[in-house]
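The chain contents come next:
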Amino acid sequence: MNTEDKLTAHLAHDYVGIQHPSGWNKLIDDLHEALLVNDPDYKLVQTKEKFGGLRFYVEFPISEQGKELIREAEAKSFEVCQACGKPGKLVGHGWAATLCPKHDEPGADRGYEPFTPRGWQPTDTKGVTHDLS
């Protein structure tokens, strides 16, 4: 089961969700497994990258140990390339990202896919909806 499928079962809402770069999947999988031990019914609000680091938002209440697990994973994200999961560091070129040397090259993949909210369908200027599948 992939990271998104694992987390989807714990989403608190359908209108936000899983938006993190793919290089952090292992980090998030490990966090998810640890949270299931401490807080098996936790509800995920959102995962994303912000200022080069992971943000993992959950609904409260959550145990103190669960909060600490989240803080540790968020801190560790600044050492993991967001594109590939290899060791990385925080870099900035007008934006902040945590990248390995390979993914810090100009034009390199940063581990993102365009985010599309669940159920969203693009429309053209005439209001015609287009199928994304």
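Preceding this paragraph is the structure being described.
Residues numbered from 1 in each chain as written. Predicted model: local features only at pLDDT ≥ 70, side-chain atom pairs only at ≥ 80, totals over all residues. Heavy atoms only, no water.

So, on to the overall build of the protein. On a plain count of helices and strands, the protein comes out with three helices and four strands. In the protein, the order of α-helices and β-strands from amino to carboxyl end is α-α-β-β-α-β-β. Within the span of the protein, comprising 133 residues, buried residues form 37% of the whole. Expressed as a percentage of contacts within the protein between residues at least 6 apart in sequence, the contacts between residues at least 24 apart total 50%. Approximately 8,100 Å² of the protein is accessible, and the part contributed by carbon and sulfur atoms is 54%. (Helix = DSSP H or I, 4+ residues; strand = E, 2+ residues; numbered from the N terminus. Buried < 20%, exposed > 50% of the residue type's maximum accessible area, 1.4 Å probe, protein only. Contact = heavy atoms within 4.5 Å. Areas by Shrake-Rupley, 256 points an atom, 1.4 Å probe, with all protein chains shown as cover.)

Along the chain, His10 falls in the loop between α1 (3-8) and α2 (25-38). For His10, the contacting residues outside a window of four places in its chain are His32, Leu36, Pro40, Tyr42, Lys43 and Leu44.

Here the structure, examined in full by the defined rule, presents four salt bridges. Among the salt bridges present, the one from Lys26 reaches Asp30, with a minimum N-O distance of 2.9 Å. Taken together, the residues span about one helical turn, with Lys26 and Asp30 both in helix α2 at a distance of four residues. Glu68 serves as the salt-bridge partner of Arg71, at 3.0 Å between the closest nitrogen and oxygen. In this pair, Arg71 and Glu68 both sit in helix α3 (residues 64-76), three residues apart, roughly one turn of the helix. The class for Arg71 is partly exposed, based on a relative accessible area of 44%. Classification of Glu68 as partly exposed rests on a relative accessible area of 33%. (Salt bridge = Lys/Arg side-chain N within 4 Å of Asp/Glu carboxyl O.)

A word on the pairing of strand β3 (residues 89-92). Consecutive residues of a regular strand have side chains that alternate between opposite faces of the sheet. In this sheet, strand β4 (residues 96-99) lies alongside β3 in antiparallel orientation, the contact comprising four bridges. Looking across to β4, one finds that Gly92 is bridged to Ala96. The loop that links β3 with its antiparallel partner β4 comprises three residues; one of these, Gly94, has a positive phi angle of about 95 degrees. (Pairing = 2+ DSSP bridges.)

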